Every structure is written in structure tokens, then in C-alpha cells.
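Results of the structural survey
Chain by chain, the residues:
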Amino acid sequence: MKKETHSTGYHLLRSDPVLADELEEPPESTQEEESAEDKAAATDKSPLWKAVVNLMSSIEGTGLLALPYVIAQSGLVAIAAMAVVPFIAFYTGAILIDCLYENNDAGERVRVRSNYKQLGEAFSPRFGGTIVSTIQLVELFLLASLYLVLFASLSRGIFPDLPLSDKVWMLSQLRWERRISELVLIL
């Protein structure tokens, strides 16, 4: 994979026939180009432990900060849940992984499914895929709604002197998200 050394503006200038002559560079030799590609490929790879640390920090970030408050509010129930829930999650994950595979005639495990919809269709061929897709869609919609409510609650707490209701904060968040997505599409 070759790394880009110039900006997008540079490439736009290179495509202009009048300015292209002014930007001419001496060509690199093939050997220099190959060694540069090898160095770029070596530096692009990240070790597994860095990927795991990044994943854990994104998953545990705010949850870890909220942990003392949760334990203070719920007491021993939260501590018991922290001991039991990981085992439940492991067990259900193992069941889901096992459902992706079936044994062929030779007795070997072969992967025959690759997503939740296919698992639902294997359970109930007529409605299973539709039910699973609907549940996923509702879950994502509720998660998006939860983020709006969380934004409104946090904004009201940060700016308590502003006479704005939660609904106004939610609408302002939606408006900013629309403007940001328009900017992204323009760029």
C-alpha cells in the first residue's frame, strides 16, 4: 500500500495542464519506490495488543468512569451483576458462534452462516430473518434516541441558567448533526 505524500490540492494542481509543468518532480527509482512501500507496509501494521487496548478503552471508557456512581446507587447488586453478567455474555456468545457452523458428511465443522439474519432464518425459515432484522432496527433506533436524550440531559446540566427544555436541546442536536453531515458530503 503506497502512502500519499501530497495533499488533495496538490493533485488538483497536477491535473491542471498549465500548472502541471511547474510542479514536475524528478522520478523516483524503482528500487527506492519499492523500499518506501516496504517501510510503509511495515509501519501500517499494528500489533494485536494495541488493537485490544484501543477496543477496551472505547468500550470501557465512560462505563468505567460511571462505575463508582453505579455501585454507590445499587450496592451489592451491581457487584454481583459484574460477576455474573460476563459469564452470561460468554455463554451466549459461544452458543451464537456454534450456531454459525454445521457438520458436513465427513464430520467436519463447516461455516454455513455469517450474520444474525441467517441465524434467524435457520431457526424459523419463514419469519426468522425478518424478526431478527426488525429487532436490530428497533434496537439501533432506540440507541439513537437514547443518545439524543443523554445529550439533552447533559446540556441542561452544563448550562442550567439557559431556559431551554430537553426537547429544545434534542432538536438543536439534530440540527447540528444535519449540518455536520451536509459539510461532510460537501467535503
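Residues numbered from 1 in each chain as written. Predicted model: local features only at pLDDT ≥ 70, side-chain atom pairs only at ≥ 80, totals over all residues. Heavy atoms only, no water.

Per an unreviewed UniProt entry, the protein goes by the name Amino acid transporter transmembrane domain-containing protein and belongs to Porites lobata. According to its UniProt record, the protein has this under Sequence similarities (unreviewed entry): "Belongs to the amino acid/polyamine transporter 2 family." Heading Subcellular location (unreviewed entry) of the UniProt record for the protein holds this comment: "Cytoplasmic vesicle membrane". (UniProt positions renumbered as here; feature names shortened; annotations may be inferred.)

1. Thoughts on the packing of helix α6 (residues 116-123) against helix α7 (residues 128-158)
Think of two packed helices as two axes; the pair is described by the angle between the axes and how far apart they sit. Look at α6 against α7: their axes get within 6 Å of each other, and the N-to-C directions meet at 140°. As summarised for this structure, α6 and α7 are arranged oblique, according to the angle between their axes. Considering the relative orientation of α6 and α7, their crossing is right-handed. Judged by residue contacts, Y116, K117, G120 and E121 of α6 engage G128, G129, V132, S133 and Q136 from α7. Residue classes in the contact of α6 with α7 are distributed as two nonpolar, five polar and two charged. (Axes fitted to C-alpha atoms, helices over the stretch in contact; angles between N-to-C directions. Helix = DSSP H or I, 4+ residues; strand = E, 2+ residues; numbered from the N terminus. Parallel < 35°, antiparallel > 145°, perpendicular 65-115°, else oblique. Left-handed = near helix turned anticlockwise from the far one by under 90°. Contact = heavy atoms within 4.5 Å. Nonpolar A, V, L, I, M, F, W, Y, C, P; charged D, E, K, R; others polar.)

2. Digging into the UniProt feature "transmembrane region" (unreviewed entry) in the protein
Per the UniProt record, "transmembrane region" (unreviewed entry) is annotated on residues 77-101 and 140-159. Helix makes up 92% of residues 77-101 and strand 4%, and the two end C-alpha atoms of the span are 37 Å apart. Measuring from the first to the last C-alpha atom of residues 140-159 gives 29 Å, for a span that is 95% helix and 0% strand.

3. Some points on the pattern of salt bridges
For the structure on display, the rule yields three salt bridges. In this structure, R109 engages D98 in a salt bridge whose closest nitrogen and oxygen atoms are separated by 3.0 Å. Placement of the pair is R109 in strand β2 (residues 109-111) and D98 in helix α5 (residues 76-99), with a sequence separation of eleven residues. For D98, a relative accessible area of 44% gives the class partly exposed. For the salt bridge of R113 with E102, the shortest nitrogen-to-oxygen distance reads 2.4 Å. Of this pair, R113 sits in the loop between β2 and α6 while E102 sits in strand β1 (residues 101-103), placing them eleven residues apart in sequence. By relative accessible area, which is 13% here, R113 ends up buried. (Salt bridge = Lys/Arg side-chain N within 4 Å of Asp/Glu carboxyl O. Buried < 20%, exposed > 50% of the residue type's maximum accessible area, 1.4 Å probe, protein only.)

4. Description of the packing of aromatic side chains
Considering all chains together, one arrives at two aromatic pairs under this definition. A ring pair is formed by F151 and W169, whose centres lie 6.4 Å apart and whose planes are at 75°; its orientation type is edge-to-face. Linking F151 in helix α7 with W169 in helix α8 (residues 166-186), this pair joins segments that are 18 residues apart in sequence. Of the residues examined, F151 reaches a relative accessible area of 27% and is grouped as partly exposed. Ring geometry for F159 versus W169: centroids 5.9 Å apart, planes at 15°, classification stacked. Note that F159 is positioned in the loop between α7 and α8 and W169 in helix α8, a separation of ten residues in sequence. A relative accessible area of 11% means that W169 is categorised as buried. Taken together through their ring pairs, the aromatic side chains of F151, F159 and W169 make up a single cluster. (Phe/Tyr/Trp six-rings, centres within 6.5 Å; stacked < 30°, edge-to-face > 60°.)

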